[in-house]
Amino acid sequence: MLTTVFRLLAKARHARAFHPRGLLLTGELTGSDPFPRGAEVVVRLSKGAGTGPGKPDVLGLALRVPTPSGDWDLLLSSTGTGRRTRMLPKFVRRWRDARLGTLAPYRYRGELLWFMAVPGEGEPPGRFTLHASGRDARWRQVAELTLRPREDARPVAFDPVLNLPPELELAPRWLATVRREAYEGSRRGRRGS
């Protein structure tokens, strides 16, 4: 049923079910485990519902991170930062007011990890710092991202279900199943099937 709902929404929009349009950029990511020490990444900045300029929305940051075992599509949305609020979307008007998190954790080396991006100056920002936390919601910086215009205009379909290295697992498993169904529906809707 969830697959059908997301398929119909994407079909009606002629775009992704959520974060239908965005600004594609490229970036330099410098980080520590699980991020590469240095990598060229593809980035999309977007609004969840696609509301107009200055209107509240759930802001989104998508990164395609190359890893030795395959691409990792890391998708973050504006959220709270506390132990419970990091799992809830948050509507904001401006990038500078947003903290963009993964909403749900990843399982990495037997531990649960949440990720969060903090924007720098500008609307939209040209830099982000990336942070990670475990169950305790104590955030520590793990990477920096510097953005620049992208010369390649081809669209990119970010998908955290299809583009996930084997050392990372979406958690919890029941939510990973829901996400798989939602993304499958959105993919089908964009294809018109």
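Residues numbered from 1 in each chain as written. Predicted model: local features only at pLDDT ≥ 70, side-chain atom pairs only at ≥ 80, totals over all residues. Heavy atoms only, no water.

### Description of the nonpolar core
Phase 1: Membership of the largest hydrophobic core comes to 33 residues, with the highest contact counts inside it found for Leu61, Phe128, Leu130 and Leu145.
Phase 2: Not counting chain neighbours up to four residues away, the residues in contact with Phe128 comprise Leu45, Leu61, Trp95, Leu100, Ala117, Val118, Pro119, Glu144, Leu145 and Leu147. (Core = buried A, V, L, I, M, F, W, Y, C linked by side-chain atoms within 4.5 Å. Buried < 20%, exposed > 50% of the residue type's maximum accessible area, 1.4 Å probe, protein only. Contact = heavy atoms within 4.5 Å.)

### Regarding the pairing of strand β9 (residues 140–149)
Phase 1: Pairing analysis gives seven bridges linking strand β1 (residues 22–31) to β9, with the strands arranged antiparallel. Across the sheet, the residue bridging to Leu29 is Leu145, located in β9.
Phase 2: By the bridge criterion, six bridges tie strand β8 (residues 127–133) to β9 in an arrangement that is antiparallel. Across the sheet, the residue bridging to Arg127 is Thr146, located in β9.
Phase 3: Here β8 folds back onto β9, and the loop between the two strands holds six residues, one of which, Ala137, carries a positive phi near 60°. (Pairing = 2+ DSSP bridges. Helix = DSSP H or I, 4+ residues; strand = E, 2+ residues; numbered from the N terminus.)

### Considering the packing of aromatic side chains
Aromatic ring pairs are defined here through the distance separating the ring centres and the angle between the ring planes.
Phase 1: If you walk through the whole model with that rule in mind, you get six aromatic pairs.
Phase 2: Consider the rings of Phe35 and Trp72, whose centres lie 5.2 Å apart with planes at 25°: the pair is stacked. Here Phe35, found in the loop between β1 and β2 (39–47), pairs with Trp72, found in strand β4 (residues 70–78); they are 37 residues apart in sequence, far enough to count as distant.
Phase 3: Residue Phe35 is classed as buried on the basis of its relative accessible area of 4%.
Phase 4: Measuring from centroid to centroid gives 6.3 Å for Trp95 and Phe128, while their planes differ by 80°, and the two rings are edge-to-face. Residue Trp95 is found in the loop between β4 and β5 (100–101), and its partner Phe128 is found in strand β8; the two are separated by 33 residues along the sequence. Judged on exposure class, the residue Trp95 and its partner Phe128 are both buried.
Phase 5: Grouped by ring-pair contacts, the aromatic residues Phe35, Trp72, Tyr106 and Phe115 constitute a single cluster.
Phase 6: One residue, Arg64, lies across the ring of Phe158, its end atom 5.4 Å from the ring centre.
Phase 7: Against the face of Trp114 rests Arg86, its NZ or CZ located 3.5 Å from the ring centre. (Phe/Tyr/Trp six-rings, centres within 6.5 Å; stacked < 30°, edge-to-face > 60°. Lys NZ or Arg CZ within 6 Å of the ring centre and 35° of its normal.)

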